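Okay, here's what each chain looks like letter by letter:
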There are 2 protein chains.
Amino acid sequence: MSAPLLSISRRIRSTPFTRRVEAAGVKAYTVYNRMLLPTVFSTVEDDYHHLKRAVQVWDVSCERQIELNGQDAGKLAQMMTPRDISRLQDDQCVYTPSVDGRGGLLNDPMTMRVGPDRYWISIADSDLLLWVKGLALGSGLNVNVTEPDVAPLAVQGPKADELMARVFGDDVRSIRFFRFARLPFRGRDFIVARSGYSKQGGFEIYVEGNDLAEPLWDALFDAGKDLDVRPGCPNLIERIEGGLLSYGNDMTLENNPYECGLGRFCKPSAAVDCIGRDALLQLERIGPAREMRSFAIDGDAQAPCSDAWRLLSDGKQVGMVTSAVWSPDFETTVGLGIIDASHWKDGTTVEIETLEGMRKARVRARPFI
Amino acid sequence: MSAPLLSISRRIRSTPFTRRVEAAGVKAYTVYNRMLLPTVFSTVEDDYHHLKRAVQVWDVSCERQIELNGQDAGKLAQMMTPRDISRLQDDQCVYTPSVDGRGGLLNDPMTMRVGPDRYWISIADSDLLLWVKGLALGSGLNVNVTEPDVAPLAVQGPKADELMARVFGDDVRSIRFFRFARLPFRGRDFIVARSGYSKQGGFEIYVEGNDLAEPLWDALFDAGKDLDVRPGCPNLIERIEGGLLSYGNDMTLENNPYECGLGRFCKPSAAVDCIGRDALLQLERIGPAREMRSFAIDGDAQAPCSDAWRLLSDGKQVGMVTSAVWSPDFETTVGLGIIDASHWKDGTTVEIETLEGMRKARVRARPFI
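Nothing here was measured: the structure is a model prediction, and the numbers come from that model. Numbers given to residues run from 1 along each chain, matching the order in which its sequence is written. Chains and ligands are labelled sequentially in the order written, the chains with letters from A and the ligands with numbers from 1. Local features in this predicted model are restricted to residues of pLDDT 70 or higher, and side-chain atom pairs are both shown and tallied only at a pLDDT of 80 or more, whereas totals for entire chains, interfaces and linings draw on every residue. Think of the side-chain values as coming from all heavy atoms in the structure, minus any hydrogens and water.

Caption draft 1: Fine view of helix α6 (residues 213-223) of chain B. Taking burial as the measure, the 11 residues of α6(B) include nine buried ones, the bulk of the element. Those residues of α6(B) lying buried are Ala213(B), Glu214(B), Pro215(B), Leu216(B), Trp217(B), Ala219(B), Leu220(B), Phe221(B) and Ala223(B). Burial status follows relative accessibility: with a 1.4 Å probe on protein chains alone, a residue under 20% of its type maximum counts as buried, one over 50% as exposed, and anything between as partly exposed. Put simply, DSSP marks the helices as runs of H or I at least four residues long and the strands as runs of E at least two long, and each gets a number from the N terminus on.

Written out as structure tokens, the structure is:
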């Protein structure tokens with residue numbers, strides 16, 4: 001299936017940046033958290049090369065925030081993740097996989113404490129808001145759960161520090177990885193975090209309220225002309241090369257954190273009062289029977305990975321690839337997927353059933369970086 | 001914004017019918033419950049005329065089912081809706097709006113009891129599964145909450161009875177509105193309900209398992225050649241004419257059931273132990289300050305309602321239109337929206353701010369039927 005047309009309605013929410021994104025000539029979208037997320041501006045390959053050498057501004061408003069506010073906010077934030085967040089610093093963002101009672105992945109958001117008894121959870125593509133609301137209500141917690149009017153804007157690429165310093169001042173340079181600061185733009189303080197869905201470095205700006213969205217977009221483009229700043233978006237090639245997982249693509253409710261390589265973020269101990277603790281303890285003890293890996297796939301896969309591609313060895317299924325695309329820099333099709341313990345060793349060769357026929361795929365212990 | 005391209009990935013789930021839908025020449029999709037939902041086959045207008053005179057087969061797999069299974073399934077099903085479902089018949093489907101603790105709409109699904117202590121809830125566009133899972137876990141209920149492998153296929157249009165009788169036998173003719181029967185196809189019983197998202201009559205077949213999906217699609221097309229059966233989909237014009245609300249377009253978490261005209265499905269009494277009861281009792285006592293109405297809007301609105309269009313009177317906002325499209329049969333732009341009590345009377349004329357400038361809009365007490 002090549003890219004079909006997307007019918008627009010209010011249900012597919014536009015963002016405070018959509019007018020600028022359209023004016024900048026966006027070529028295609030995906031729908032993420034029931035909201036428009038650009039996927040291509042020039043071509044996926046042009047966007048990729050540019051992201052690796054310059055700086056891009058990304059409308060990632062679809063990274064919706066869940067706000068927990070009230071006396072039990074901290075308790076609820078901890079219930080939502082097996083990661084121990086009891087020592088979360090005031091300027092820290094932490095990656096916090098969320099699981100259900102059986103240890104199945106519900107989402108893989110980032111959590112920040114943005115005030116006393118006040119948290120923002122920046123979500124991937126599932127209505128985690130409803131899970132949290134149901135959980136809070138069912139558990140009788142004293143906490144307000146809402147989706148605030150916040151639209152993240154990402155600035156990514158090797159020249160991100162320089163561009164951001166021109167707009168927010170040199171303070172941005174001292175923000176450490178997965179830390180944030182509150183920096184002023186036109187008299188309003190925005191949370192600016194050193195984070196983002198690429199391996200090229202950069203920031204995410206949590207734009208509160210819609211009135212300053214277009215002025216901020218314009219300020220970044222005005223300040224970055226000589227840096228060749230361009231509109232961009234999470235890039236399929238770059239994120240697969242870098243091994244950045246995508247919830248809904250590479251992992252779903254059917255997967256647990258251990259098999260997705262997220263075990264290091266889970267501390268399901270007696271001290272961490274989280275949903276799914278017993279299930280995770282059990283899974284941790286047994287150890288994963290399959291695991292996420294990168295793959296180098298022969299040839300140029302033209303069709304998108306619209307469904308999982310089966311991995312085979314001697315005709316028997318041993319795994320599946322869930323994202324794949326041609327990489328110009330590595331001159332192979334790069335993929336992400338899950339493979340059984342029997343075949344997960346670095347360098348193992350298996351067969352893969354693509355839409356264009358059988359290919360060879362080599363397991364890689366590490367991403368393409 | 002005209003229809004942009006949609007980038008395909010595993011996260012935008014395909015359905016057991018997608019290959020047939022593609023082969024049938026689908027022109028555009030929307031994304032609904034993170035799944036492909038066709039929106040156009042010929043043109044929206046051609047599809048509309050055909051739906052009103054013949055019969056169509058719709059891939060509505062995106063109407064995902066939530067299965068509640070276990071001792072507390074009935075209790076949880078009732079917690080999920082202010083509609084009294086204590087006297088639900090074994091062959092009955094009921095429309096069951098779901099609200100949060102404040103009475104805000106979470107979804108407007110249909111509920112069936114498909115076995116002892118076993119319910120299917122056929123949802124609109126929000127991950128209600130996560131709400132129900134959170135609620136069940138937080139409340140300590142003894143119930144399993146899953147998304148079963150069920151893909152509804154709708155057969156809609158005035159010739160639906162004839163086509164369905166040819167494939168499922170004459171028993172389909174005796175199924176009453178919002179009732180269902182279990183009817184065999186190739187040796188397997190499917191739930192067949194007289195329901196669907198159009199005003200032209202028809203059925204929804206709950207296809208369990210993927211293996212019979214394409215054979216069923218093919219059987220319907222083979223049997224219906226002389227009935228001019230065609231692939232179709234929920235039609236924007238027909239559904240707005242008929243006043244069929246769309247969750248996410250016409251109502252959101254910001255709306256309560258009363259202002260959406262869904263008060264008749266709510267019985268928040270002491271006898272109905274549901275989430276949001278107190279909030280709904282309060283809202284019921286006060287009565288709505290604004291209500292859903294149909295609108296006849298001057299001229300031919302070319303741009304889709306990608307965001308709410310403001311309704312104005314003497315320059316002051318009195319409501320908003322959330323869905324609108326040109327109706328060939330009524331020779332006006334038809335719309336759905338919410339308007340304040342001061343202006344909701346049938347025949348009231350207000351102004352509407354469309355993307356193409358100001359227009360006149362007339363309030364209608366009833367849909368265009």
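More follows now that the structure is in view.
Caption draft 2: Summary view of the pairing of strand β21 (residues 349-354) of chain A. Residues and elements named next belong to chain A. Side-chain alternation along β21 places Val350, Ile352 and Thr354 on a buried face and Thr349, Glu351 and Glu353 on a face that remains uncovered. Two strands qualify as a pair provided that DSSP identifies no fewer than 2 bridges between them. Relative to β21, strand β18 (residues 309-313) runs antiparallel, the two sharing two bridges. Looking across to β21, one finds that leucine 312 is bridged to glutamate 351. Sheet analysis places β21 next to strand β22 (residues 357-364), joined by six bridges and oriented antiparallel. Each bridged residue has a counterpart across the sheet, and for isoleucine 352 the counterpart in β22 is arginine 359. Hairpin geometry of β21 and β22 is characterised by an intervening segment of two residues between the two adjacent antiparallel strands.

Caption draft 3: Expanded view of the packing of helix α5 (residues 160-168) of chain B against α6(B). All names here are of chain B. For the pair α5 and α6, interaxial distance at closest approach is 9 Å and the crossing angle is 120°. In terms of orientation, α5 and α6 fall into the oblique class. Judged by the sense of rotation from one axis to the other, the crossing of α5 with α6 is right-handed. Contacts from Leu163, Met164, Arg166, Val167 and Phe168 in α5 reach Leu216, Ala219, Leu220 and Ala223 in α6. Here the residues of the contact of α5 with α6 are counted per class, giving eight nonpolar, no polar and one charged. Angles run from 0 to 180 degrees between N-to-C directions of axes, and those axes are lines fitted to C-alpha atoms, restricted for helices to the stretch in contact. Should an angle fall under 35 degrees it is called roughly parallel, over 145 degrees roughly antiparallel, and 65 to 115 degrees roughly perpendicular, with every other angle called oblique. Left-handed describes a crossing whose near helix is turned anticlockwise from the far helix by less than a right angle; the clockwise case is right-handed. We call two residues contacting when some pair of their heavy atoms lies within 4.5 Å. Gly falls in the polar group here, along with every residue not listed as nonpolar (Ala, Val, Leu, Ile, Met, Phe, Trp, Tyr, Cys, Pro) or charged (Asp, Glu, Lys, Arg).

Caption draft 4: Examining the interface of chain B and chain A more closely. Contacts between chain B and chain A engage 58 residues on the former and 58 residues on the latter. Summed over both partners, buried area is the accessible surface (1.4 Å probe) that two parts give up on being assembled. For the pairing of chain B and chain A, the buried interface totals around 4,900 Å² over both sides, and the portion due to carbon and sulfur atoms is 57%. Salt-bridge detection follows one rule: a side-chain nitrogen of Lys or Arg within 4 Å of a carboxyl oxygen of Asp or Glu. At the boundary of chain B with chain A, the tally comes to eight salt bridges. As a salt-bridge pair, Asp125(B) and Arg34(A) come within 2.1 Å of each other at their nearest N and O atoms. Whenever two N or O atoms come within 3.5 Å, that pair is a polar contact, provided that in protein one can donate a hydrogen and the other can accept it, and provided that, for residues adjacent in sequence, both atoms are side-chain atoms. For the pair chain B and chain A, the interface holds 31 residue pairs in polar contact (both at pLDDT 80 or more). If one sorts the elements of the side of chain B that touches chain A by residue count, helix α4 (residues 128-139) of chain B sits on top with 10 residues. Looking at the side of chain B that touches chain A residue by residue, the class counts come to 27 nonpolar, 19 polar and 12 charged. Here strand β2 (residues 28-32) of chain A pairs with strand β1 (residues 5-6) of chain B via two bridges, running parallel. By the bridge assignment for β1(B), Tyr29(A) is matched with Leu6(B).

Caption draft 5: Focus on unusual backbone geometry. Residue and element names in this part refer to chain B. Notably, asparagine 33 is not glycine yet its phi reads approximately 50°, a positive angle. Residue placement: asparagine 33 occurs in the loop between β2 (28-32) and β3 (35-40). Non-glycine residue glutamate 331 carries a positive phi angle of around 50°. Looking at where glutamate 331 falls in the secondary structure, it is placed in the loop between β19 (316-327) and β20 (332-340).

Caption draft 6: Quick look at the relation of the copies chain B and chain A. We superpose the copies by least squares over the C-alpha atoms of residues that have a pLDDT of at least 70 in both of them. When chain B is fitted to chain A, the residual RMSD is 0.0 Å, and the transformation amounts to a turn of 180° plus an axial shift of 0.0 Å. This pairing of chains is accounted for by a two-fold axis. When the interface residues of chain B are mapped onto chain A, 100% of them again lie at the interface, so the same face is used by both copies.

Caption draft 7: Focus on the pattern of salt bridges. According to the stated counting rule, one finds 62 salt bridges over all chains in the structure shown. Residue Arg179(A) pairs with Asp91(A) through a salt bridge whose shortest N-O separation is 2.8 Å. With Arg179(A) in the loop between α5 (160-168) and β13 (180-185) and Asp91(A) in the loop between α3 (73-79) and β6 (93-95), this pair connects stretches of sequence that are 88 residues apart. Given a relative accessible area of 16%, Arg179(A) falls into the buried group. Residue classification places Asp91(A) among the partly exposed positions, given a relative accessible area of 28%. Here Glu241(B) makes a salt bridge to Lys52(B), at a shortest N to O gap of 2.8 Å. Note that Glu241(B) is positioned in helix α7 (residues 236-241) and Lys52(B) in helix α2 (residues 44-53), a separation of 189 residues in sequence.

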